[in-house]
Amino acid sequence: MTPELVDLFAFLRFPSVSTDSRHASDTRACAQWLIEKLSGMELTAKLHETPKHPIVIARNAHVEGRTTVMIYGHYDVQPVDPLNLWDRQPFEPEIRDGRIWARGATDNKGQMLAHILGVEKMLKEEGELPVNLIFLFEGEEEIGSPNLGPFLEAHKDELKCDVIAISDTGMAAPATPTLGYGLRGISCAEVILRGAKGDLHSGLFGGAVANPATAVAQLVASLHDLDGKVTVEGFYDKVREMEPWEREMAANTPGTADEDFLNVTGAPSLFGEQGYTAAERVWARPTLEINGIGGGYQGEGSKTVLPAEAMAKFSCRLVPDQDPDEIFEKLKTHLEKHCPKGVSMEILKEHGGKPYLADPQSGFGLCAQRALKAAFNKQPVLIREGGSIPIVQTFSDILGADTLLLGLALADAQIHAPNENFPVENFEAGIRLNQALLKELANPAN
Ligand code: BES
Ligand code: MN
């Protein structure tokens, strides 16, 4: 195994699941491993405490007049459940069929480490970097980056930079260099409906008091029309339509045809708002998804019970110029107005993040395109993303810098799902890409 893969395997072995407090010490150990790796490369590395998981910052000696580049990544991962659907243990990485299999292989440890190793290689081969570098790694991206915004605000002078680079998004198709120029935002919520003071016999009491499970189903059903359009009042008020060049480009980008969506998902047919292709729906239309719904007996056989409580969890994906707080308020108003009779309702606001949209033809955007071309020996494609990295718009708001999304994640990488994987080829390309990128960003006017 190459030394690069040895490093990646070590990084992947930490179960740094940020949402699960039982993994808090594993998450910290993972941050500590990064500190050691970065210090060993003669960067100044520092671990910053937050109310939850630490932030890792590393930098070279900055030289006046050079471009200051921030490279961001996240070392936390999503939970592994359902564990029984994995073909191997999620934190015991293995290579099979040219891919590295482990939780975090693509999202985001493999992509993030490629940048670290690109820098390491460049320092070894050339003695120094052509840019002022700031590595910023957090352990809370998968829980909405609750502490990174305040950290940026408190450290904005030290973190001042000209441009930010992230590899934590998609690659349109295998071996296709891809520059992302947009991300959807997000707004999450949960609703709990309560009926009787405890579970009841459904024969003795059913029909006399409301059933919260029925009520939650009615409430959820009120949120969309039959084409999947969201019926929350004012939901689409601030939605910006795609530019004609984007629609034209989307139609010609590999990996973004309706057929590709059918193949990757295995769904019996596509579904969604009329008048848009699958890629357009994902890139530039907002959604309201039910991420979980529950209440009552879910075990084997039947149980005649009238549950006391039922719940649903929601996440809205947002596009420019929607605002996560405003969308939450609109959803709340809708839920209150449509709350069925006979139950009480509690609405919880969860994390949120703004959408992001940049100009892929800006000076730094063109640097990224040249670097992608150099690393893959192929003309890059441009895409918007359906996923979210909530901190990206916050970077722009607080640090005033744009972010280059240099995606290496394949559509079948199974991120957030069992059997997450990352092609060795993409890992190696990421290392080359980092080196090409730093060279291009050093001379942005080329
Ligand atoms: N890396 C993903 C986002 C992503 C993946 C964007 C592929 C585009 C293509 C990121 O780690 C992620 O999963 N973000 C969460 C954010 C949320 C928890 C606040 C998401 O999008 O669900
Ligand atoms: Mn993720």
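Residues numbered from 1 in each chain as written. Chains lettered and ligands numbered in written order. Predicted model: local features only at pLDDT ≥ 70, side-chain atom pairs only at ≥ 80, totals over all residues. Heavy atoms only, no water.

Peer 1: Is there a simple way to explain empty space enclosed by the protein in this structure?
Peer 2: Over the atoms a probe the size of a water molecule is rolled, and this reveals where empty space is left. What the rule picks out here adds up to one cavity of 30 Å³ or more. Of the volumes computed, that of the largest cavity is approximately 50 Å³. For the lining of the largest cavity, the per-class residue count stands at three nonpolar, no polar and four charged. (1 Å grid on protein atoms, 1.4 Å probe; cavity = no way out; pocket = protein on both sides within 12 Å on 5 of 7 lines; lining within 4 Å. Points joined across faces, edges and corners; volume = space filled by probe spheres on them. Nonpolar A, V, L, I, M, F, W, Y, C, P; charged D, E, K, R; others polar.)

Peer 1: Looking at this model, I keep getting lost on the site of ligand 1. Mind explaining?
Peer 2: Neighbouring ligand 1 are 16 residues; Glu141, Asp168, Arg317, Ser388 and His416 lie closest to it. At 2.9 Å, a side-chain N or O of Asp107 approaches an oxygen atom of ligand 1. Here the residues of the shell around ligand 1 are counted per class, giving two nonpolar, eight polar and six charged. (Near = heavy atom within 4 Å. Polar contact = N/O pair within 3.5 Å; in protein donor to acceptor, adjacent residues only side chain to side chain.)

Peer 1: Sorry, what's going on with the pattern of salt bridges here?
Peer 2: When the charged atoms of two side chains lie near each other, side chains of opposite charge can form a pair. All chains considered together, the criterion is met by 25 salt bridges. Asp321 is the salt-bridge partner of Arg240, the closest N and O atoms lying 2.7 Å from each other. Linking Arg240 in the loop between α6 (212–221) and α7 (244–252) with Asp321 in the loop between β13 (309–318) and α10 (324–338), this pair joins segments that are 81 residues apart in sequence. In this structure Arg240 comes out as partly exposed when scored by relative accessible area, which is 39%. Classification of Asp321 as partly exposed rests on a relative accessible area of 42%. (Salt bridge = Lys/Arg side-chain N within 4 Å of Asp/Glu carboxyl O. Helix = DSSP H or I, 4+ residues; strand = E, 2+ residues; numbered from the N terminus. Buried < 20%, exposed > 50% of the residue type's maximum accessible area, 1.4 Å probe, protein only.)

Peer 1: I would appreciate a short explanation of the sheet that holds strand β4 (residues 94–96) in the present structure.
Peer 2: In sheet architecture, strand pairing relies on hydrogen bonds along the backbone and comes in two forms, parallel and antiparallel. Strand order in the open sheet formed by three strands is β4-β5-β18, with antiparallel pairing between adjacent strands. Every other strand in the sheet has two partners, leaving β4 and β18 (421–423) as the edge strands with one partner each. On average, each strand axis in the sheet is tilted by 30° relative to the strand beside it, whichever way the strands run. Sheet analysis places strand β5 (residues 99–101) next to β18, joined by three bridges and oriented antiparallel. Across the sheet, the residue bridging to Arg99 is Pro423, located in β18. Packing against the sheet, helix α1 (residues 3–12) makes contact with β4 and β5, and its axis sits at approximately 25° to β5. Each of β5 and β18 touches helix α3 (residues 105–126); the most contacted strand, β18, lies at about 40° to it. (Pairing = 2+ DSSP bridges. Axes fitted to C-alpha atoms, helices over the stretch in contact; angles between N-to-C directions. Contact = heavy atoms within 4.5 Å.)

Peer 1: Teacher, can you tell me more about the layout of surface pockets here?
Peer 2: Computed from the structure, the second largest pocket encloses a volume of approximately 300 Å³. In this structure, the second largest pocket is lined by 21 residues; those nearest its centre are Pro324, Gly352, Gly353, Lys354 and Thr394. Contributing elements (two or more residues each) for the lining of the second largest pocket: α4 (148–154), α10, β14 (344–353) and α12 (391–399). Sort the elements by how many residues they give to the lining of the second largest pocket and β14 lands first, with five residues.

Peer 1: What is the right way to read the pairing of strand β1 (residues 44–48) from this model?
Peer 2: Within a regular beta strand, the side chains point alternately toward one face of the sheet and then the other, so they alternate between its two faces. Pairing between β1 and strand β2 (residues 55–59): five bridges, direction antiparallel. Bridge pairing in β2 links His48 to Ile55. The hairpin turn running from β1 into β2, its antiparallel successor, is six residues long.

Peer 1: Just to check I follow, could you spell out the domain arrangement of the protein chain for this structure?
Peer 2: Reports often express the size of an interface as the amount of accessible area lost when the parts come together. By domain assignment, the protein chain separates into domain 1 (3–183 + 355–442), domain 2 (189–239 + 286–351) and domain 3 (242–282). For domain 1 versus domain 2, the distance between C-alpha centres works out to 36 Å. At the interface, eight residues of domain 1 touch six residues of domain 2. Summing both sides of the interface, domain 1 and domain 2 together bury roughly 510 Å²; the carbon and sulfur share of this comes to 62%. Applying the counting rule to domain 1 against domain 2 returns zero salt bridges. Remark: the boundary between domain 1 and domain 2 carries one residue pair in polar contact (both at pLDDT 80 or more). A class-by-class count of the residues in the side of domain 1 that touches domain 2 yields three nonpolar, four polar and one charged. (Domains from an automatic or database assignment. Buried area = accessible area lost by both parts, 1.4 Å probe.)

Peer 1: So what exactly am I meant to see when it comes to the packing of α3 against helix α13 (residues 424–442) here?
Peer 2: How two helices pack is summed up by the angle between their axes together with the distance between the axes. Put simply, α3 and α13 touch, their axes get as near as 7 Å, and they point 55° apart. Taken as axis vectors, α3 and α13 run oblique relative to one another. Here the hand of the crossing between α3 and α13 comes out right-handed. Residues Gly110, Leu113, Ala114, His115, Leu117, Gly118, Val119, Lys121, Met122, Glu125 and Glu126 of α3 touch α13, and the partners they reach there are Phe427, Gly430, Ile431, Asn434, Gln435, Leu438 and Lys439. (Parallel < 35°, antiparallel > 145°, perpendicular 65-115°, else oblique. Left-handed = near helix turned anticlockwise from the far one by under 90°.)

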